[in-house]
Amino acid sequence: MTDWRTDPTFAMCREVADGADLALFSGGPFDVRAVVAGILPEPRQGLDLDAVPWGNFPHGYDARKAVHLLRADGEPGVDATGVLWGLCANDSRAAAALAVPFLIPLALDAHHPHRAAALAVLSGPARARHHGVASREELLLHRNDPRRDAPDTHDDYGYEVTGYPAGWSVAAARATITTDTSALLPLLADSDPTVRVDAAYVLATAADPDHIIRTALANGFAAEGDAMVRAALLLATAEITRAHPHPPTVTWLRERWHDRTETPEARLAAAVGWLCLTDRSAPEELRRTVDALADDERAHAMEALPWMNAASGTNEPGLLRCRRCMLHPEEPDPEAVIWDSLF
């Protein structure tokens, strides 16, 4: 990747760091939200890559190359998705957010060889500060709703490693996913369970003021037979309910972890989701349920769920990290123990 300090946006980031009002740059050529808003009305199947100012954003040309590789039928998609994942993991999401309008058509094309890869990576820039996060206060939390927040703010996401406002990247990615909600919803009924899981992960980042997505997730859950997909639908429901509160759904999630006929994976997902949606103390029954079901084998299996994978830490699968942070905060953090042992 090229040195991000040579990108045109670095001048804007430097000015903001020196005290300039971020609002002065809102809607301009370095506002990824404005660039994405200009793309969304266009038919994105076959959208010209060169019609987008990739060079205006840190690592933009790397993101453009990755999208080009994913769109090409004969090229391998592993390295391309690795680039986009890397941008998000390294807290440099702006260019990855710009890629989202190009990734959605690939994810919707059942015959495209890189369909699953595109779907798996496209919601990466729609979430920030969530890797390793497993607390009730922070897990599943959206700080930015592209339909409600003022255009010159970026909430408390802060700034990316490049100095770019992280909330702008998140808002741009979520706006794209929100616009394409109706096209993405049928993926919840796809024949491939991995696609159903990843579709739920994507849709959970969309704005859903009318509870259309929440209803689709609940309907999908009622018809779903795969245990891991059932868990994914519950986590997606909890995430979107945290952004758009709906008290009956909180009660419904409680019923799911309380139901002993339900699959263990779904009961655990419902317990985690319910804990994130309420300030109530964890009932003793929930504690016993999670402690009994969250063994090492199941925790490693549930790393297939992107929420759990993101919550994981060093030598600690996401499910076990959630259990420790949410129910047993007195227990030592394995990652902190490792670091302490080095010094």
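Values in this document were obtained by computation on a predicted structure and should not be read as measured data.

Caption draft 1: A look at the overall build of the chain. Helix and strand counts for the chain come out as 18 helices and zero strands. Looking at the chain as a whole, 55% of its 343 residues qualify as buried. Contacts in the chain between residues at least 24 apart in sequence constitute 68% of all its contacts with a sequence separation of at least 6. Here the chain displays about 14,600 Å² of accessible surface, and carbon together with sulfur accounts for 53% of that area.

Caption draft 2: View of the nonpolar core. Grouped together as the largest cluster of nonpolar side chains are 105 residues, with contacts concentrated most on Leu305 and Trp307. At twelve residues, helix H5 (residues 94-108) tops the list of elements feeding residues into this core. Once residues within four sequence positions are removed from consideration, Trp307 is found in contact with Arg127, Leu140, Val197, Ala200, Tyr201, Ala204, Ala232, Leu235, Ala236 and Glu239.

Caption draft 3: Representation of the pattern of salt bridges within the structure. Counted under the stated rule, the structure contains 13 salt bridges. A salt bridge links Arg298 to Glu265, with the shortest nitrogen-to-oxygen separation between them at 3.7 Å. Of this pair, Arg298 sits in helix H15 (residues 296-301) while Glu265 sits in helix H13 (residues 264-277), and the two are 33 residues apart along the sequence. For Glu265, a relative accessible area of 15% puts it in the buried group.

Caption draft 4: Spatial organisation of helix H1 (residues 9-17). Those residues of H1 that sit buried are Thr9, Met12, Cys13 and Val16. On an axial view of H1, the arc spanned by its buried residues comes to 95°, and they lie on one face. Elements in contact with the buried residues of H1: helix H7 (166-179). Looking at the residues trailing H1, positive phi occurs at Gly19, about 115°.

Caption draft 5: Spatial organisation of the packing of aromatic side chains. For the coordinates displayed, the defined rule picks out six aromatic pairs. Measuring from ring centre to ring centre gives 5.5 Å for Trp54 and Phe102, while their planes differ by 40°; the resulting arrangement is tilted. In this pair, Trp54 sits in the loop between helix H2 (32-39) and helix H3 (60-71) while Phe102 sits in helix H5, placing the two residues 48 residues apart along the sequence. Its relative accessible area of 2% is what places Trp54 among the buried residues. By way of ring pairs, the aromatic residues Phe57, Tyr164 and Trp168 are connected into one cluster. A cation sits over an aromatic face here: Arg127 above Tyr201, 3.5 Å from the ring centre. The side chain of Arg230 reaches across the aromatic face of Phe221, ending 3.9 Å from its centre.

Caption draft 6: Structural detail: unusual backbone geometry. Of note, the phi angle at Asp91 is positive, near 60°, even though the residue is not glycine. As for its placement among the helices and strands, Asp91 is situated in the loop between helix H4 (78-89) and H5. With phi around 70°, Leu140 is a residue other than glycine that occupies positive phi space. Here Leu140 shows up in the loop between helix H6 (115-122) and H7. You can call Leu140 buried: its relative accessible area is 8%.

Caption draft 7: Broad picture of the packing of helix H12 (residues 247-258) against H13. Interhelical geometry of H12 versus H13 gives an angle of 145° and a closest axis separation of 8 Å. As for how H12 packs across H13, the hand of that crossing is left-handed. Where H12 approaches H13, its residues Val250, Leu253, Arg254, Arg256, Trp257 and His258 are matched on the opposing element by Arg267, Ala270, Ala271, Gly273, Trp274 and Leu277.

Thresholds applied
- Residues numbered from 1 in each chain as written.
- Predicted model: local features only at pLDDT ≥ 70, side-chain atom pairs only at ≥ 80, totals over all residues.
- Heavy atoms only, no water.
- Helix = DSSP H or I, 4+ residues; strand = E, 2+ residues; numbered from the N terminus.
- Buried < 20%, exposed > 50% of the residue type's maximum accessible area, 1.4 Å probe, protein only.
- Contact = heavy atoms within 4.5 Å.
- Areas by Shrake-Rupley, 256 points an atom, 1.4 Å probe, with all protein chains shown as cover.
- Core = buried A, V, L, I, M, F, W, Y, C linked by side-chain atoms within 4.5 Å.
- Salt bridge = Lys/Arg side-chain N within 4 Å of Asp/Glu carboxyl O.
- Arc of directions from axis to C-beta.
- Phe/Tyr/Trp six-rings, centres within 6.5 Å; stacked < 30°, edge-to-face > 60°.
- Lys NZ or Arg CZ within 6 Å of the ring centre and 35° of its normal.
- Axes fitted to C-alpha atoms, helices over the stretch in contact; angles between N-to-C directions.
- Left-handed = near helix turned anticlockwise from the far one by under 90°.

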